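Residue strings, one per chain:
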Amino acid sequence: MPTTMLGLLGVLLCALAVSSDVTPQPDFNIKRMAGKWYLIGIATSDEWFVNCKANLKMGVAMLTPTDEGDLEMAYSSLNPDGTCWRMNQFVNKSDFPGIFSFHSERWETYNITFVDVKYDEYALIHTLKTKNGSTTVLSKLYGRTPDLSQVVLDKFTEFSLNQSILPENITILPKNGFDHQHTAATSIPGGFTPEKVVTPEVEKICLEMSASKLQESEVRIKHSLNKNEEEFRIRRRNTVQQCLQKLGIHCSLNDVPNIALLGSGGGQRAMVGLLGSVVQLHKVGLLDSILYLSGVSGSTWCMASLYQEADWSTKLETVKDKIIQRLSGPKVSWTDAFAKLKKYYNEKDHFSLTDFWAAMVVTTYVKEIDEHTLTEQWNQQSKDPFPIYTMIDKQSKQKKEADPWFEFTPHEAGYSLIGAFLGVSNFGSQFKKGSMMKKEPEIDMLYLQALCGSALADGEEIVKFIWQKIKDFFQRLFTQIKKMLQETGKDPDSPPADKFCQVLLDLVDMNLYVLDGKDPSALDESIRTTLTDLAGGEGQLIFPVGELNLTDKEAAKLYMERYTMDVSNNLSVWFKFWPFDLCLSIIRSMAMWIWGRKYDFLHIMTDEPVPIALLESETRDFIDAGLLLNSPYFSVLRKDRKVDLIISLDFSDGDPFMTVKKAAEMCREQNIPFPEVNIPSEDLEKPKDFYVFKGQNVPTVIHIPLFNVVNCGDKIEDWRSKYKTFQGSYSAEMITDLMDVAGKNIANNKENLKKVIRAIVEQKQRKAYTKHDSDVSKYRLN
């Protein structure tokens with residue numbers, strides 16, 4: 001995140017002009033920059049620096065000039081958790097020796113100037129980056145050794161102060177643990193004492209990496225589990241064994257079954273239903289038998305709430321009460337949601353509807369802004385089941401160019417069945433040939449919930465729902481836009497904000513009209529008239545007037561897509577700055593239907609058994625897995641997870657058997673072991689509360705529909721109508737009622753669950769005995 005950004009040597013697009021008081025080193029010699037450099041000092045005008053600087057640790061950069069005069073940089077440092085972070089970058093020379101650039105979608109310009117260099121001692125580097133009219137300054141001091149003279153440190157600090165960087169934003173990093181004589185502050189001119197960040201000893205293996213080592217792949221292509229997950233499984237096995245013994249099911253550690261609990265999608269219904277089910281599993285003594293807890297869509301909202309609390313399974317009543325209190329309480333304020341949306345927009349390269357969905361929609365259901373990350377939520381010594389959050393790759397689903405299943409665990413993110421993974425904190429960062437080129441912030445739990453729970457991202461019938469949400473957002477924002485502009489020193493009448501607001505509202509209404517099959521010609525005329533006024537009476541490059549065939553929905557969709565893009569591109573000529581740029585980004589994302597866009601971490605990797613489409617693309621889009629299969633079966637069907645029993649809690653709307661039947665069908669197509677699924681015809685309309693599907697050499701699957709004849713009697717449809725997927729947030733009474741109904745499915749089937757688990761244990765024991773007898777026979781024959 002910001003910490004790792006400060007570790008970069010310099011990035012982004014070059015604007016060759018340099019500020020008047022910053023000039024490059026005379027007679028700059030790029031060849032003499034080659035080799036290893038230590039990051040000694042950092043100073044910046046960015047406001048987030050004060051909060052993040054305590055996590056900064058000294059790092060090492062390997063600089064390799066090219067024959068063409070460009071510069072390849074490989075950087076390594078320690079993450080706050082003590083693990084090693086690495087990144088490669090390639091910056092381009094300019095027409096001015098000592099000035100370099102790096103291309104990025106995030107910044108308009110990003111100039112890197114080598115200001116003062118003594119090639120065998122130190123290098124003072126100045127970075128100037130701009131976006132939407134605002135400028136950020138970043139100064140860094142590098143040394144050939146971890147120790148620099150006080151004269152050089154003074155020079156760095158004085159230079160930084162001259163760039164209008166506040167004293168508290170200037171930091172001298174510790175001497176990387178090779179000695180511990182750096183606890184006292186160092187005086188500098190002007191009486192200011194820069195803070196010495198006391199950090200853990202920097203591991204030598206990280207600091208002393210060679211350039212070739214830094215360039216090794218940070219992407220894992222292998223059908224195996226992450227070693228941390230393997231270690232957790234070993235520890236969890238003891239917990240599961242003790243749990244089963246309390247239930248009268250006795251087995252050795254080798255015969256402990258691997259049990260996965262799955263929560264389907266279903267919006268807030270799934271969130272509350274999973275909570276009620278987990279609470280009841282705890283009450284009947286079965287929760288500690290679960291190895292994996294995996295979710296799709298709304299179930300991931302429940303998971304995110306549970307894992308906020310370390311060891312939540314040991315204090316579930318307290319955790320449950322806190323969740324219910326939050327869900328039945330007030331919504332997140334519009335001001336806080338907007339501030340979060342602004343942060344999303346400013347902190348990363350790719351903005352999409354998922355950012356808008358997270359801040360302005362998901363918050364209305366989960367009633368909070370959870371800025372923790374998945375890595376922060378997890379303790380490797382956790383007493384809880386191992387969480388797996390799931391989604392799918394949109395392009396792979398639509399074009400069938402690769403297996404689409406994608407998962408997040410506390411350690412890795414990646415393609416479940418393809419076997420391609422990266423560290424979860426690096427998801428969204430830019431990679432090339434398996435090495436990180438640019439670090440992006442780790443996604444937080446709010447964004448992860450939006451990524452997993454974005455069921456609207458593929459449903460054309462509810463495009464109208466999103467347009468209405470955007471309209472509501474614009475109407476609220478536009479009442480404050482003049483004040484926002486004045487607070488940033490902008491004139492709200494030059495260019496006229498009123499005209500911008502009118503055009504966007506007309507554009508949203510025009511899209512809504514077309515979706516309803518209504519004639520939008522009056523709105524079209526209003527938009528064209530306003531754009532012409534903005535251009536001083538000159539015609540605009542806007543989609544030409546043509547016949548809009550409202551009866552042909554596909555043609556109308558394409559017409560409005562192009563029209564919407566043309567209008568937003570025209571507005572961007574005059575309205576390039578905040579918050580106009582945010583509004584236009586939302587409109588463009590809507591027109592192009594862009595969700596969950598991130599850098600492709602497999603970009604141009606070579607010699608890897610990965611579908612070619614994943615190697616060629618620069619970005620991938622990720623959406624709700626429920627749009628393909630509304631339960632995360634494929635996350636636990638990985639061969640390396642060796643799951644024996646799947647308990648599927650189905651909170652889906654409509655057909656209560658569609659998900660399990662579709663899972664069986666997809667597994668047959670991909671030759672993945674899965675039992676046959678046969679549903680009695682009389683159960684299709686009146687489902688029971690417990691189904692078991694099993695077979696030879698396949699995992700056993702327990703399927704539990706949420707609403708059934710056992711817990712709902714003859715009022716199944718009444719319950720379904722009461723708890724629709726997309727409706728207003730539930731009241732406290734609705735939450736309690738739904739949790740009770742979901743909990744009955746567990747309480748009523750405690751003995752059935754134990755019976756299935758006992759049968760699996762016995763089957764594993766028989767296999768072990770058979771294998772033992774076979775091994776003994778082979779020994780005797782030999």
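Okay, so let's go over this structure.

What counts, and at which threshold
Residues numbered from 1 in each chain as written. Predicted model: local features only at pLDDT ≥ 70, side-chain atom pairs only at ≥ 80, totals over all residues. Heavy atoms only, no water. Helix = DSSP H or I, 4+ residues; strand = E, 2+ residues; numbered from the N terminus. Buried < 20%, exposed > 50% of the residue type's maximum accessible area, 1.4 Å probe, protein only. Contact = heavy atoms within 4.5 Å. Areas by Shrake-Rupley, 256 points an atom, 1.4 Å probe, with all protein chains shown as cover. Phe/Tyr/Trp six-rings, centres within 6.5 Å; stacked < 30°, edge-to-face > 60°. Lys NZ or Arg CZ within 6 Å of the ring centre and 35° of its normal. Salt bridge = Lys/Arg side-chain N within 4 Å of Asp/Glu carboxyl O. Pairing = 2+ DSSP bridges.

A tally of regular secondary structure across the protein gives 27 helices and 24 strands. Residues classed as buried in the protein amount to 60% of the 782 residues present. Expressed as a percentage of contacts within the protein between residues at least 6 apart in sequence, the contacts between residues at least 24 apart total 71%. Here the protein displays about 32400 Å² of accessible surface, and carbon together with sulfur accounts for 49% of that area.

This part takes up the packing of aromatic side chains. This model, assessed by the stated rule, comprises 43 aromatic pairs. Ring centres 5.6 Å apart and planes at 75 degrees place the aromatic pair Phe 100 and Phe 114 in the edge-to-face group. Placement of Phe 100 in strand E5 (residues 99-101) and of Phe 114 in strand E6 (residues 109-118) is noted, with a sequence separation of 14 residues between them. By relative accessible area, Phe 100 is classed as buried at 2%. In this arrangement the basic side chain of Lys 348 is found over the ring face of Tyr 447, its NZ or CZ atom lying 3.8 Å from the centre.

Turning next to the pattern of salt bridges. Evaluated as defined, the whole model comprises 33 salt bridges. One salt bridge connects Lys 688 with Asp 683, and the closest N-O pair in it is separated by 2.9 Å. Since its relative accessible area comes to 3%, Asp 683 is described here as buried.

Summarising the element assignment, Gln 381 is placed in the loop between helix H12 (374-377) and strand E14 (386-393). Each C-alpha atom, one on Gln 381 and one on Arg 235, is 8.3 Å from the other, the two residues being 146 residues apart in sequence.

Here we take up unusual backbone geometry. With an omega dihedral of -5 degrees, the bond running from Ser 494 to Pro 495 counts as a cis peptide bond. By secondary structure assignment, the location of Pro 495 is in the loop between helix H16 (481-487) and helix H17 (497-515). Here the amide bond leading from Trp 578 into Pro 579 is cis, since omega sits at 0 degrees, within 30 degrees of zero. With respect to the helices, strands and loops of the structure, Pro 579 is situated in the loop between helix H19 (553-574) and helix H20 (580-592). Although it is not a glycine, Asn 697 sits at a positive phi angle of roughly 55 degrees. Residue position: Asn 697 is located in the loop between strand E23 (691-693) and strand E24 (700-705).

Right, let's get into the pairing of E14. In terms of residue burial, E14 counts as a mostly covered element, since eight of its eight residues are buried. Where E14 meets strand E15 (residues 405-408), four bridges bridge the pair, whose relative direction is antiparallel. Counted as the bridge partner of Thr 390 is Glu 407 from E15. Both E14 and strand E21 (residues 619-623) contribute to a ladder of two bridges, which runs antiparallel. Considered in E21, the bridge of Ile 392 is made with Ile 623.

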